[in-house]
Amino acid sequence: MKVNIVYWSGTGNTEAMANLIRQGAESKGAEVQVKPVDQAQDADLNCDILALGCPSMGEEELEETEFEPYFASLEKQLAGRRLALFGSYGWGDGEWMEDWTKRARDLGAELVATSLVVNEGPEGDEAQRCREYGAALVG
Ligand SMILES: Cc1cc2nc3c(=O)[nH]c(=O)nc-3n(C[C@H](O)[C@H](O)[C@H](O)COP(=O)(O)O)c2cc1C
């Protein structure tokens, strides 16, 4: 099972989630690759599960300079794809993730787990939740 994780993170919270998710997936025997979105390549789509991470930015939006264009570039390739979404947020209510999850579903992606949101950095129980999420992706 190959899990590729692509994320954007401004202050490291979503990056920390990505690395914890990696730990959880690896604990179940998956081969996991983690990349910041500015290093993503077409070949990264060659995987069983694509996990994408982006915090809530703008006003409940995906980060607009790198991540939104990346996700838009994937739109035609999401039908039938096994996808997982995660990210950190601050003062909001998680609306960006609801919108993003709906967008992915409407494009035909198969969401393999409930999208994972963490308020600011994943500490303590939240770190464990990220690891469990990574393990659950692998099944
Ligand atoms: C420019 C900017 C816009 C933001 N907009 C939102 C927002 O609309 N809703 C929210 O809950 N948090 C918002 N945040 C807070 C971030 O989502 C939060 O700090 C998150 O932990 C950042 O994750 P990162 O460390 O991976 O960059 C915003 C932060 C910045 C810098």
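Bear in mind that the values here come from a model prediction, so they are computed numbers and not experimental data. (Residues numbered from 1 in each chain as written. Predicted model: local features only at pLDDT ≥ 70, side-chain atom pairs only at ≥ 80, totals over all residues. Heavy atoms only, no water.)

Structural notes on the environment of Pro-69
Right, on to step 1. Its location among the elements puts Pro-69 in helix α2 (residues 67–74).
Right, on to step 2. Pro-69 gets classed as partly exposed once you look at its relative accessible area, which sits at 39%. (Helix = DSSP H or I, 4+ residues; strand = E, 2+ residues; numbered from the N terminus. Buried < 20%, exposed > 50% of the residue type's maximum accessible area, 1.4 Å probe, protein only.)

With respect to the packing of α2 against helix α3 (residues 95–106)
Right, on to step 1. Orientation of α2 relative to α3, taken along the N-to-C sense of each, is 20 degrees, at an axis distance of 11 Å. Of the possible angle classes, the one that applies to α2 and α3 is roughly parallel. For the crossing formed where α2 meets α3, the hand is right-handed. The segment α2 lies against α3, with Phe-67, Glu-68, Phe-71 and Ala-72 engaging Trp-100, Arg-103 and Ala-104.
Right, on to step 2. Along the lines of polarity and charge, the residues of the contact of α2 with α3 split into 5 nonpolar, no polar and 2 charged. (Axes fitted to C-alpha atoms, helices over the stretch in contact; angles between N-to-C directions. Parallel < 35°, antiparallel > 145°, perpendicular 65-115°, else oblique. Left-handed = near helix turned anticlockwise from the far one by under 90°. Contact = heavy atoms within 4.5 Å. Nonpolar A, V, L, I, M, F, W, Y, C, P; charged D, E, K, R; others polar.)

Thoughts on the layout of surface pockets
Right, on to step 1. Volume-wise, the largest pocket comes out at about 300 Å³.
Right, on to step 2. Forming the boundary of the largest pocket are 19 residues, of which Pro-55, Ser-56, Met-57, Tyr-89 and Gly-90 lie nearest the centre.
Right, on to step 3. Put simply, the parts of the chain that give the lining of the largest pocket at least two residues each are α1 (13–27) and β4 (82–89).
Right, on to step 4. Looking at the lining of the largest pocket residue by residue, the class counts come to 5 nonpolar, 11 polar and 3 charged. (1 Å grid on protein atoms, 1.4 Å probe; cavity = no way out; pocket = protein on both sides within 12 Å on 5 of 7 lines; lining within 4 Å. Points joined across faces, edges and corners; volume = space filled by probe spheres on them.)

Read these as geometric descriptors, not functional statements.
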